[in-house]
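Descriptive analysis of the structure
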Amino acid sequence: MAIDPETAWQKLESRDAEGGFFYAVMTTGVFCRPDCRSRMPLRANVRFFGTVDEARAAGFRACLRCKPDRALGAGVLDRIRAHIEKHLDRAVPLAELGRVAGLSPFTVQRMFKQKLGVSPLQYQRALRAGSLRSALKKGANVTDAVYEAGFGSSSRAYEGAQLGMTPGRFAQGGKGERIGFSTARTPFGWMVVGATERGLCWLALAGTAAEAEGSLREEFPEATLRKDPALSGLVEAAVRTVAGAETDGKLALDLRGTAFQLRVWQALRAIPRGETRSYSELARELGEPKATRAVARACAMNRVAVVVPCHRVVGVSGALTGYRWGMERKKMLLEAEKRG
Ligand SMILES: [Zn+2]
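What you see is a predicted model, and the numbers here were worked out from it, not measured in a lab.

1. Some details on the coordination of the zinc ion
Around a metal, the perfect tetrahedron of four donors has angles of 109.5 degrees, and the perfect octahedron of six donors has angles of 90 or 180 degrees. C32 (SG), C36 (SG), C63 (SG) and C66 (SG) make up the full set of protein donors to the zinc ion, lying at 2.2 to 2.4 Å. Sequence positions of the donors to the zinc ion reduce to the motif C-x3-C-x26-C-x2-C. Separated by 30 residues along the polypeptide, C36 in the loop between strand 2 (30–32) and strand 3 (46–49) and C66 in the loop between strand 4 (61–62) and helix 3 (74–86) bring together distant segments of the chain. Each member of the pair, C36 together with C66, is buried.

Encoded structure:
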């Protein structure tokens, strides 16, 4: 962001806390917030920067008195969020949020993005679209909810395309979808596979054939389900992946979820067979170290067991944590992979 030095200097002279810039003093090598209580520098010695990073990159260090690199309190963020949430019926300009927070619009924007990964405007749009509201209602904290609504590292496009993943969630209960299925006994229990014309969309393990089929009906109550013996090959292919068979390219997947869920599922497929990761390790690998809980939730939402190997995620101590299809099966899968 370009800073007009003349305007900035005027704001600095009045020690305007909401100036929306940092100033650095060449003679001391230090940069400050505009309202720092340090001695007023000479105009000729001052440079202005839009961000802490830019000031640092230019070789300046943060002032110890006004601490320009200090993160702003969570209380301010809560106030901004509450204001957005209260006025969903209209556009809330950044300047207004700035007044609510007692900060410059620039700082509001920067802080919001830094903490939540989205701009205040994007946050408002997601709330209006309802995608955030449902996650928040379920009790997710805001950061997790933002990720689950499909944001999170919007700077990086997700790599789902190469897996044949299609964006968008399954519409309510699979409405309008035709899903063929096949059930078979495997070393890991009864397995049911469900596939759309695009690929495998459901793979579950259960104690009985009826239970396995029931899981499919429960996940897609609105879809048209049809038994398809031709899909038994998918069961065999899935079982072979545990023994180390390469399936890439042969096993089409129809995974649908938020961009973030797709990234997590993709990361699961990248864990080598026989190895495990903790949720926090997986979060770090995704470049989202703060999103451990959102990663865990995305793993729990996996619809394609075994092939998208959520069983390779364990607790930090290596303890087996939960598994949608039974802890005993998780254990068996991991042991089989180590043997293979
Ligand atoms: Zn200072």
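2. Some points on the pattern of salt bridges
What the rule picks out here adds up to 11 salt bridges. Linking E275 and R277 is a salt bridge whose minimum nitrogen-to-oxygen distance equals 3.1 Å. Classification of R277 by relative accessible area gives buried; the value is 16%. Among the charged side chains, a salt-bridge network with shared partners connects D78, R81 and E85.

3. A word on the confidence of the model for the protein chain
With 83% of its residues at a pLDDT of 70 or more, the protein chain has an overall mean of 81. The low-confidence segment residues 152–169 (pLDDT under 50) makes 36 contacts with residues lying over four places distant or belonging to another chain.

4. Re the environment of P120
Tracing the backbone shows P120 in helix 6 (residues 120–129). Owing to a relative accessible area of 3%, P120 belongs among the buried residues under this scheme. For P120 and I80, which are 40 residues apart along the polypeptide, the C-alpha to C-alpha distance reads 8.5 Å. Excluding residues within four positions of it along the chain, P120 makes contact with I84, L94, L97, V108, Q109 and F112.

5. Brief notes about the packing of helix 4 (residues 94–101) against helix 5 (residues 105–116)
For the pair helix 4 and helix 5, the least separation of the axes is 8 Å and the interaxial angle reads 90°. Between helix 4 and helix 5, the interaxial angle falls into the category roughly perpendicular. Contacts between helix 4 and helix 5 involve L94, A95, L97, G98 and A101 from the first element and P105, V108 and Q109 from the second. In terms of residue class, the contact of helix 4 with helix 5 is built from six nonpolar, two polar and no charged.

6. Notes on the sheet that holds strand 2
Reading across from one edge, 3-1-2-4 is the order of the four strands in this open sheet, with mixed pairing throughout. Because the sheet does not close on itself, it has two edges, and the strands there are strand 3 and strand 4. When strand 2 meets strand 4, the two strands line up parallel, connected through two bridges. Residue pairing in the sheet places V30 in a bridge with R61 of strand 4. Along the sheet, helix 1 (residues 5–13) makes contact with strand 1 (22–25) and strand 3, crossing strand 3 at roughly 105°.

7. Thoughts on the pairing of strand 6 (residues 189–196)
Within strand 6, seven of the eight residues are buried, which leaves it mostly tucked inside the rest of the structure. Joining the antiparallel neighbours strand 5 (residues 178–186) and strand 6 is a turn of two residues. Pairing of strand 6 with strand 7 (residues 199–206) involves seven bridges; the strand directions are antiparallel. Residue pairing across strands places W190 opposite A206, the latter belonging to strand 7. Connecting strand 6 to the next strand, strand 7, in antiparallel fashion are two residues.

Basis of the calculations
In every chain, residue numbers begin from 1 and rise along the written sequence. pLDDT decides what is reported in this predicted model: residues at 70 or higher carry local features, side-chain atom pairs at 80 or more are listed and counted, and totals for whole chains, interfaces and linings draw on all residues regardless. Only hydrogens and water are set aside; all other atoms, that is, all heavy atoms of the structure, feed into the side-chain values. Note that water is not among the atoms considered, so a metal site may appear incomplete; the donors listed are N, O and S atoms within 2.8 Å of the metal, with 3.2 Å applied to Na, K and Ca. Helix and strand definitions follow DSSP, with helices as H or I runs of at least four residues and strands as E runs of at least two, each counted in order from the N terminus. When a residue's accessible area, from a 1.4 Å probe over protein chains only, is under 20% of the maximum for its type it is buried; when over 50% it is exposed; and in between it is partly exposed. One side-chain nitrogen of Lys or Arg within 4 Å of one carboxyl oxygen of Asp or Glu is enough to make a salt bridge. Each residue carries a pLDDT score, the predictor's confidence in it, ranging from 0 to 100. Note on contacts: a residue pair qualifies if any of its non-hydrogen atoms lie within 4.5 Å across the two residues. Between N-to-C directions, angles span 0 to 180 degrees; the directions come from axes that are lines fitted to C-alpha atoms, helices contributing only their stretch in contact. Working rule for angles: under 35 degrees goes down as roughly parallel, over 145 as roughly antiparallel, 65 to 115 as roughly perpendicular, anything else as oblique. In this count, Pro and Cys sit with the nonpolar residues alongside Ala, Val, Leu, Ile, Met, Phe, Trp and Tyr, while Asp, Glu, Lys and Arg are called charged and the others, Gly among them, polar. A pair of strands is considered paired only if DSSP assigns at least 2 bridges between the two.

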